[in-house]
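# Per-entry structural report
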Amino acid sequence: MKYVVCVPDGCADEPIDALGGRTPLEAASMPVLASLAARGEVGRAAVIPPGLPPGSDVGNMSIIGYDPTAYHTGRAPIEAAALGLKLRTDQVAYRCNLVTVGADGTMLDFAGGHPTSEAAAEVIAALQGELGSDEVVFHPGVQYRHILVAPGEWADAECTPPHDLSDKPAIWPTGPAASKLQTLMEASRDIVPRFGLAANQVWFWGQGFQPVMPAFRDAYGIEAGLCTAVDLVRGLGVLTDMNVVEVEGATGWFDTNYEGKRDAALATLAAGADLFLVHVEASDEAGHAGNLEEKVTALERWDDRILRGLVEGLDAMGPWRLLLLPDHPTPVRLKTHTTDSVPYLLVDAAIDGPGGIYSEPATATSIARPGHSLMGRLVLP
Ligand SMILES: [Zn+2]
């Protein structure tokens, strides 16, 4: 049996007037998904447990089958793992965004104009040179997403995710350790603008100590791999000892290499893996940008450029099961994540399920299952 998990990040949404009252999932032309849903099982998944923030870290931890209430310590330590950083128990990791804050204090762009990783690495190196030390270390990541490792006592602060502040006043950190963070953020405003990017400072958030998670093979008894352009999903793979496959042209943006991800899934499964997770960030970025057209397009690309060939390839390989769900909604109206439960689809190639329609309204009356319980339903006999 081969297993595939498909994660269109943030794809769940709300009915939208411009779509005639439909959601992007309803409006997008997705014939392959519709045919899978017609012979599978659809329902709702509570991927964000009560009391936890609706981040991709929490949602994707649920999707890979680990209860976030037991394992989640913060977003940044997961991304630090993706960069190969091993934190000591007396160290805390912060996410360090390159952001654009206006002169009036408005968060203009939580992604700092999406710099290239290469351009951003020069900024991070300068920040380390001028503001860093042996104990306070800036590590370059992907595009606008970087990591600060600091002494454990720096963890005691309340920080607002910058993507929750889009077009709003930027709320700076508060709490006992906030002054250390504020000092660095303030000082970065003299350094970041020198590089001619849209970004003009750093923003710290998502801190935590390194979580201790059992390997996926120990938790579920099978070998798993994944592909993603997003550090925190890669980090979840590292922390659970999955085979993290790099796909050329996987950008985390609208232009990502959909076919490359599909082919990575099929090749890794053919080479012996039991399960493969395909994560695509584009639908989430479209939600954050409030870009309805790109969100619908991202879903249609999933169908045409991943699911169609994936199903053909899986059929040729033997028996298979597929689980599809996003890690949280990112409604285009709100431009940020919500804690709402999301629709899921579970399909067994050989079994006719109850069938249904994969959309938010079609699953609205289903009782939400804990998100982390779906992995067990997918892979355990
Ligand atoms: Zn997400």
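In this report, we go over the structure that sits alongside the text. (Residues numbered from 1 in each chain as written. Predicted model: local features only at pLDDT ≥ 70, side-chain atom pairs only at ≥ 80, totals over all residues. Heavy atoms only, no water.)

### Here we look at the packing of aromatic side chains
For the structure shown, the criterion picks out eight aromatic pairs. With a centroid separation of 6.4 Å and an interplanar angle of 75°, the aromatic rings of Tyr66 and Tyr220 are classed as edge-to-face. Residue Tyr66 is found in the loop between helix 3 (56-63) and helix 4 (68-71), and its partner Tyr220 is found in helix 8 (residues 216-220); the two are separated by 154 residues along the sequence. The burial state of Tyr66 is the same as that of Tyr220; both residues are buried. Between Tyr94 and Phe204, the ring centres sit 6.2 Å apart and the planes meet at 65°, which makes this aromatic pair edge-to-face. Taken as a pair, Tyr94 in strand 3 (residues 91-101) and Phe204 in strand 7 (residues 201-208) lie far apart in primary sequence, 110 residues in all. A relative accessible area of 0% places Phe204 in the buried class. Here the aromatic residues Tyr66, Tyr71, Phe216 and Tyr220 are joined through ring pairs into a cluster of three or more. Note that Arg145 overlies the ring of Tyr144, its terminal NZ or CZ placed 5.0 Å from the centroid. (Phe/Tyr/Trp six-rings, centres within 6.5 Å; stacked < 30°, edge-to-face > 60°. Helix = DSSP H or I, 4+ residues; strand = E, 2+ residues; numbered from the N terminus. Buried < 20%, exposed > 50% of the residue type's maximum accessible area, 1.4 Å probe, protein only. Lys NZ or Arg CZ within 6 Å of the ring centre and 35° of its normal.)

### Comments concerning the coordination of the zinc ion
The coordination sphere of the zinc ion, as far as protein atoms go, consists of Asp9 (OD), Asp9 (OD), Ser56 (OG), Asp327 (OD) and His328 (NE2), spread over 1.8 to 2.6 Å. Within one chain, the residues serving as donors to the zinc ion are arranged as D-x46-S-x270-D-H. Placement of Ser56 in helix 3 and of Asp327 in the loop between strand 11 (320-324) and strand 12 (342-348) is noted, with a sequence separation of 271 residues between them. Each member of the pair, Ser56 as well as Asp327, is classed as buried. (Donors = N, O, S within 2.8 Å, 3.2 Å for Na, K, Ca; no water.)

### Here we look at the side chain of Asp303
Structurally, Asp303 is set in helix 12 (residues 292-317). Ignoring sequence-local partners within four residues, the contact set of Asp303 consists of Ser29, Met30, Pro31, Val32, Leu33 and Arg308. (Contact = heavy atoms within 4.5 Å.)

### Some details on the pattern of salt bridges
Per the counting criterion, the structure on display carries 17 salt bridges. A salt bridge links Arg88 to Glu135; the nearest nitrogen and oxygen atoms lie 3.7 Å apart. With Arg88 in the loop between helix 5 (76-82) and strand 3 and Glu135 in the loop between helix 6 (117-131) and strand 5 (137-142), this residue pair connects regions lying 47 residues apart in the sequence. By relative accessible area, Glu135 is classed as partly exposed at 39%. Glu130 is the salt-bridge partner of Arg194, the closest N and O atoms lying 2.8 Å from each other. Here Arg194 is found in the loop between helix 7 (178-188) and strand 7, whereas its partner Glu130 is found in helix 6, with 64 residues between them in sequence. In this structure Arg194 comes out as exposed when scored by relative accessible area, which is 53%. Judged by relative accessible area, Glu130 falls into the partly exposed class, the value being 44%. Each of Arg75, Glu79 and Arg95 takes part in salt bridges that share partners, so that together they form one network. (Salt bridge = Lys/Arg side-chain N within 4 Å of Asp/Glu carboxyl O.)

### What to know about the pairing of strand 6 (residues 145-151)
Where burial is concerned, most of strand 6 is hidden: seven out of the seven residues are buried. Relative to strand 6, strand 3 runs antiparallel, the two being bridged by seven bridges. If you follow Gln91 over to strand 6, its bridge partner there is Pro151. When strand 5 meets strand 6, the two strands line up antiparallel, connected through four bridges. Of the residues in strand 6, the one forming a bridge with Val137 is Val149. Hairpin connection, strand 5 to strand 6: the antiparallel pair is bridged by two residues, and Gln143 has positive phi, about 50°. (Pairing = 2+ DSSP bridges.)

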